[in-house]
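# Architecture and fold: a report
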Amino acid sequence: MGLDMYLSKKTYVKNWEHQSPEHQHQITVLKGGKPRQDIKPERISYIEEEVAYWRKFNALHAWFVENCGGGEDTCQEMYVDEEKIKEILGILKEVKEILDNSKKIKKVVTGFGGTKFEIEVYEDEEKIMEHLPTQSGFFFGGTEIDEYYKDEVINSIEVFEVLLEELEEHRRNGIPTGDFYYQASW
């Protein structure tokens, strides 16, 4: 249970009678090396790939909801265009630079049942929150700017850089790029 986050790529592959053979797709779904009988290849219109998965990176979730979901957070699918991918990548890089130049400090937080404990957070928390603020929610994970937050920022930069490189390569080679969608479950 908790905040599970997915970025998917959907590629249109429906075949039409008017298409020449070189523009048609051949799709076969195998299980154990044998075609699945319950899936009819001629009915397949889209191929969906999971291109990224995050767990409890609530700051990124909040960004997607605000910038791709119109502020509505009902676990709905949200279209993410290439400009939004570039925008979040830029924000993540800015946040990483702040984190890289920020010292760690000790902070006392209150846990369940009122238990107090000390954690390490980044000193420039306010500055970071201006760019990519955390969001609390039911099992959304921590809201501190800590090592977990930094690791998720770094991993997300890599995800989006690879994704943009793939898009550019596909365009250069005349390959359809597909459409991207973000969805979370919690």
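Fair warning: this is a prediction, and the values are worked out from it, not measured in the lab.

What follows covers a nonpolar patch on the surface. Together, Tyr12, Trp16 and Tyr46 make up a nonpolar patch on the protein surface, roughly 350 Å² of accessible area in all. Here tyrosine 46 shows up in strand β4 (residues 46-55).

Turning next to the nonpolar core. Ranked by internal contacts, the top residues of the largest apolar core, which has 37 residues, are Leu7, Phe57, Leu132, Tyr149 and Phe160. For this core, the secondary-structure elements that each account for two or more residues are β1 (4-12), β4, α1 (58-68), β5 (78-80), α2 (82-100), α4 (147-172) and β8 (179-185). Ranked by residues supplied to this core, first place goes to α2 with 8 residues. For phenylalanine 160, the contacting residues outside a window of four places in its chain are Leu7, Trp54, Phe64, Ile85, Ile88, Leu89 and Leu92.

A positive phi angle, close to 60 degrees, is found at lysine 56, a residue other than glycine. As for its placement among the helices and strands, lysine 56 is situated in the loop between β4 and α1. The residue cysteine 75 is not glycine, and still its phi comes out positive at about 65 degrees. The residue cysteine 75 is located in the loop between α1 and β5 in this model. Its relative accessible area of 23% is what places cysteine 75 among the partly exposed residues.

What follows is about α1. Every α-helical turn comprises 3.6 residues, leaving residues that sit three or four positions apart pointing alike. Here α1 lies mainly inside the structure; 9 of its 11 residues are buried. Its buried side turned inward, α1 meets β1, β4, β5, α2, α4 and β8. Positioned one or two residues after α1, glycine 70 has a phi angle of 60 degrees, which is positive.

Once that is clear, we can look at the pattern of salt bridges. If you walk through the whole model with that rule in mind, you get 17 salt bridges. The shortest N-O distance in the salt bridge between glutamate 120 and lysine 106 comes to 3.5 Å. Within this pair, whereas glutamate 120 is found in strand β7 (residues 116-122), its partner lysine 106 is found in strand β6 (residues 104-110), the two being separated by 14 residues in sequence. With relative accessibility at 39%, the residue glutamate 120 sits in the partly exposed group. Exposure remark for lysine 106: the relative accessible area of 52% places this residue in the exposed category. For glutamate 125, the salt bridge identified is with lysine 107, shortest N-O distance 3.5 Å. Separated by 18 residues along the polypeptide, glutamate 125 in helix α3 (residues 125-131) and lysine 107 in strand β6 bring together distant segments of the chain. With relative accessibility at 28%, the residue lysine 107 sits in the partly exposed group. Sharing partners across several salt bridges, the network here consists of Glu82, Glu83, Lys86, Glu168 and Arg171.

Conventions we followed
Residues numbered from 1 in each chain as written. Predicted model: local features only at pLDDT ≥ 70, side-chain atom pairs only at ≥ 80, totals over all residues. Heavy atoms only, no water. Patch = residues over 30% accessible without salt bridge, like charges linked within 9 Å, V, L, I, M, F, W, Y side chains within 5 Å. Areas by Shrake-Rupley, 256 points an atom, 1.4 Å probe, with all protein chains shown as cover. Salt bridge = Lys/Arg side-chain N within 4 Å of Asp/Glu carboxyl O. Helix = DSSP H or I, 4+ residues; strand = E, 2+ residues; numbered from the N terminus. Core = buried A, V, L, I, M, F, W, Y, C linked by side-chain atoms within 4.5 Å. Buried < 20%, exposed > 50% of the residue type's maximum accessible area, 1.4 Å probe, protein only. Contact = heavy atoms within 4.5 Å.

None of the figures reported here should be taken as evidence of function without further support.
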